[in-house]
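Examination of the molecular architecture
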Amino acid sequence: MAFIRQYWNDPRLTFNLSAEYNLKPNQEFDSSFSVNQKLLEKIWVPDMYIINEKAGVLHDLTVENKAIRIYPNGDIFYSIRLSLVLACNMNLRKYPMDSQVCHLEMESYGYRVHDVQFKWKGDNAVVVNSAIEIPEFILHDIQLTNATNIYNTGNFTCLRAYFFLKRIFDFHLIQTYIPSILLVVVSWVSFWINPEASPARVGLGITTVLTMTAQSTGVRETLPPVAYIKAIDVWMTTCLAFVFAALVEFALVNYVLTEQRQKATKKEWKKSMRADNGNADVPLQALSKNSIHAEGSGCEDQMQGNFPLQPAFLMIHSRITPRLIDRISRIIFPFSFLLFNMIYWPMCFYGYGDETIPKNT
C-alpha cells in the first residue's frame with residue numbers, strides 16, 4: 001500500500017483570505033481548504049503513471065481515497081491511496097545470500113519535458129512505515145533520482161526510487177544449510193560401521209541419498225526457474241555428491257571384502273587339495289600333465305614380458321583392505337567438505353558485488 005502525494009502550483013487558483021480573516025504570515029498554512037473530489041475533473045492534474053506497475057488498485061471504501069487541498073498562493077496538494085504490485089528484476093546467483101535493488105518509476109504519460117517536470121520534494125521524499133516488515137528482506141537504503149526517459153515521441157520527465165534489499169539468511173540457514181550439513185555428516189557414520197555389516201551400511205547410504213535428493217527438490221520448487229546456477233544449487237549438488245560418494249565408498253569396500261573372501265576360499269581349497277593329494281595316490285600321468293601345463297603357462301608369461309607387473313599388482317592389491325579404505329575415508333571426506341566450505345562461504349558473501357543502480361539510469 002502506498003500514499004502518493006503530489007504538489008504543484010497553478011496560478012489560476014490563487015486567492016487571498018489573509019485580509020478578510022486578519023491572518024498572520026505564519027498562519028498562512030491554516031488558510032488552505034480542502035475541496036470535494038469532483039473538483040478534480042475541473043482543474044489540471046499531472047498525468048503521472050507508474051512504469052513498472054504489474055497490478056494496482058485505487059481504494060474506494062467507503063469513498064475513493066483521494067484528497068485535494070488548495071492554498072492561497074495557488075499551491076495544490078493532491079494525495080491518493082493505492083495498492084501496487086511492481087515488477088522487480090532480481091539476480092538470484094547468490095541466493096540466499098543475495099542483495100536486490102527494486103525500483104519505483106513514475107513518469108508523465110502525455111506531457112513532455114518542456115511541459116511538465118517531476119522532482120522529488122527533498123531528500124526524504126519517500127518515507128517507509130517502520131512497523132511494516134518485508135518477508136525475507138531487510139530494507140537498508142533508499143536512493144532517489146530524477147531522470148529523463150527518451151522515446152521516439154519525445155523526452156518525458158521521470159522519477160525513480162531505488163529500494164536496496166538484503167535477504168534474511170537466518171531462515172535458510174535453519175531450514176536448508178544445517179539439515180544438509182547434518183545429512184552429510186550422518187553419511188560418514190558408515191565409515192565406522194563394520195564392513196561386514198552390509199545391510200546397515202547400505203540402508204544408511206540409501207536413506208541419506210534419498211533424503212538429500214528430496215531436500216534439494218523442495219528447495220528448487222520454491223524458486224522461479226532461471227537459466228543460471230544459483231549458490232543454493234552449488235551447495236545442494238555438492239552435498240548430494242558427498243552423500244553419494246559415501247555410498248560408492250561402501251561399494252568399493254564391499255568389492256575388496258569380496259575379493260579377500262574369494263582369495264581366502266581359494267587358499268583353503270588349495271590347502272585341502274594338497275592335503276588330499278599327499279594322502280592319496282595320484283597318477284603319475286596326471287601329475288606330469290599338470291606340471292607341464294604349469295611350466296608352459298609360466299614360459300608364456302615370461303615371453304610376453306608380464307611377469308614383473310603381475311607380482312607388483314598383486315602386492316598392492318593385497319595391501320588394500322576394507323578397514324584401510326574406511327580409515328582413509330574418515331580423513332578425506334571431512335577434510336574435503338571443510339575445504340569446500342572454506343571456498344563456498346567467502347565466495348557467496350564477498351565473491352560477487354552487491355546489486356547497484358543500473359548504469360543506464
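Data block above holds the structure.
Residues numbered from 1 in each chain as written. Predicted model: local features only at pLDDT ≥ 70, side-chain atom pairs only at ≥ 80, totals over all residues. Heavy atoms only, no water.

1. What about the pairing of strand E8 (residues 137-151)?
With 14 bridges joining them, E8 and strand E9 (residues 154-167) adopt antiparallel strand pairing. Each bridged residue has a counterpart across the sheet, and for Tyr-151 the counterpart in E9 is Gly-154. In this structure, the hairpin formed by E8 and E9 is closed by a connection of 2 residues. (Pairing = 2+ DSSP bridges. Helix = DSSP H or I, 4+ residues; strand = E, 2+ residues; numbered from the N terminus.)

2. Re the packing of aromatic side chains
Across all of its chains, the model carries 25 aromatic pairs by this definition. Ring centres of Trp-44 and Tyr-111 lie 5.7 Å apart, and the angle between their planes is 65 degrees; this geometry places the pair in the edge-to-face category. With Trp-44 in the loop between strand E2 (33-34) and strand E3 (48-50) and Tyr-111 in the loop between strand E7 (99-108) and E8, this pair connects stretches of sequence that are 67 residues apart. Given the relative accessible area of 30%, Tyr-111 is considered partly exposed. Summarising the aromatic geometry, the rings of Tyr-177 and Trp-345 are spaced 5.0 Å apart at their centres and angled 50 degrees between planes, so their arrangement reads as tilted. Taken together, the positions of Tyr-177 in helix H2 (residues 170-187) and Trp-345 in helix H7 (residues 322-351) put the pair 168 residues apart, joining distant regions of the chain. In terms of burial, Tyr-177 and Trp-345 fall into one category: buried. Taken together through their ring pairs, the aromatic side chains of Phe-169, Tyr-177, Trp-188, Trp-235, Phe-242, Phe-337, Phe-340, Tyr-344, Trp-345, Phe-349 and Tyr-350 make up a single cluster. (Phe/Tyr/Trp six-rings, centres within 6.5 Å; stacked < 30°, edge-to-face > 60°. Buried < 20%, exposed > 50% of the residue type's maximum accessible area, 1.4 Å probe, protein only.)

3. Description of the nonpolar core
Across soluble globular proteins, nonpolar side chains show a tendency to be buried alongside one another. Counting 27 residues, the largest nonpolar core has Met-97, Tyr-177, Val-184, Trp-235, Phe-337 and Tyr-344 as its most contacted members. Among the elements of the structure, H2, helix H3 (198-221), helix H4 (231-279) and H7 are those that each provide at least two residues to this core. Per element, the largest residue contribution to this core is 8 residues, and it comes from H4. Residue contacts for Met-97: discarding those within four places in its chain leaves Lys-166, Phe-169, Tyr-177, Ala-231, Tyr-344, Trp-345, Cys-348 and Phe-349. (Core = buried A, V, L, I, M, F, W, Y, C linked by side-chain atoms within 4.5 Å. Contact = heavy atoms within 4.5 Å.)

4. Quick look at the state of the cysteines
Under the criterion given, the structure shown has 1 disulfide. Through a disulfide, Cys-88 is tied to Cys-102; the S-S separation comes to 1.9 Å. Looking down the S-S bond of the Cys-88 and Cys-102 bridge, the torsion is -85 degrees, so its handedness is left-handed. Residue Cys-88 is located in the loop between strand E6 (75-86) and E7, and its partner Cys-102 is located in strand E7; the two are separated by 14 residues in the primary sequence. Among the residues examined, Cys-88 registers a relative accessible area of 24% and is labelled partly exposed. Cys-102 gets classed as buried once you look at its relative accessible area, which sits at 13%. (Disulfide = S-S within 2.5 Å.)

5. With respect to a positive patch on the surface
On the surface, Lys-263, Lys-266, Lys-267, Lys-270, Lys-271 and Arg-274 cluster together into a patch of positive charge. For Lys-263, the position within the fold is in helix H4. With a relative accessible area of 32%, Lys-263 lands in the partly exposed category. (Patch = residues over 30% accessible without salt bridge, like charges linked within 9 Å, V, L, I, M, F, W, Y side chains within 5 Å. Areas by Shrake-Rupley, 256 points an atom, 1.4 Å probe, with all protein chains shown as cover. Salt bridge = Lys/Arg side-chain N within 4 Å of Asp/Glu carboxyl O. Lys, Arg positive; Asp, Glu negative; His and termini not counted. Charge placed at Lys NZ, Arg CZ, Asp CG, Glu CD.)

6. Describing the pattern of salt bridges
What the rule picks out here adds up to 9 salt bridges. When the shortest N-O distance is used, the salt bridge between Asp-233 and Lys-230 registers 3.0 Å. Exposure class is identical for Asp-233 and Lys-230. Each is buried. Salt bridges linked by common partners bring Asp-98, Glu-136 and Arg-167 together as one network.

7. Considerations on the side chain of Glu-105
Inspection of the secondary structure puts Glu-105 in strand E7. Setting aside residues up to four positions removed in sequence, Glu-105 forms contacts with Tyr-49, Ile-50, Ile-51, Asn-52, Asn-149, Cys-158, Leu-159 and Arg-160.

8. Notes on the sheet that holds E3
In spatial order, the strands read E3-E7-E9-E8; together these 4 strands make up an open sheet with antiparallel pairing. The strands lining the two open edges of the sheet, one partner per strand, are E3 and E8. Looking at each pair of strands side by side, their axes are set apart by 20 degrees on average, direction ignored. Pairing analysis gives 9 bridges linking E7 to E9, with the strands arranged antiparallel. Counted as the bridge partner of Met-106 is Leu-159 from E9. (Axes fitted to C-alpha atoms, helices over the stretch in contact; angles between N-to-C directions.)

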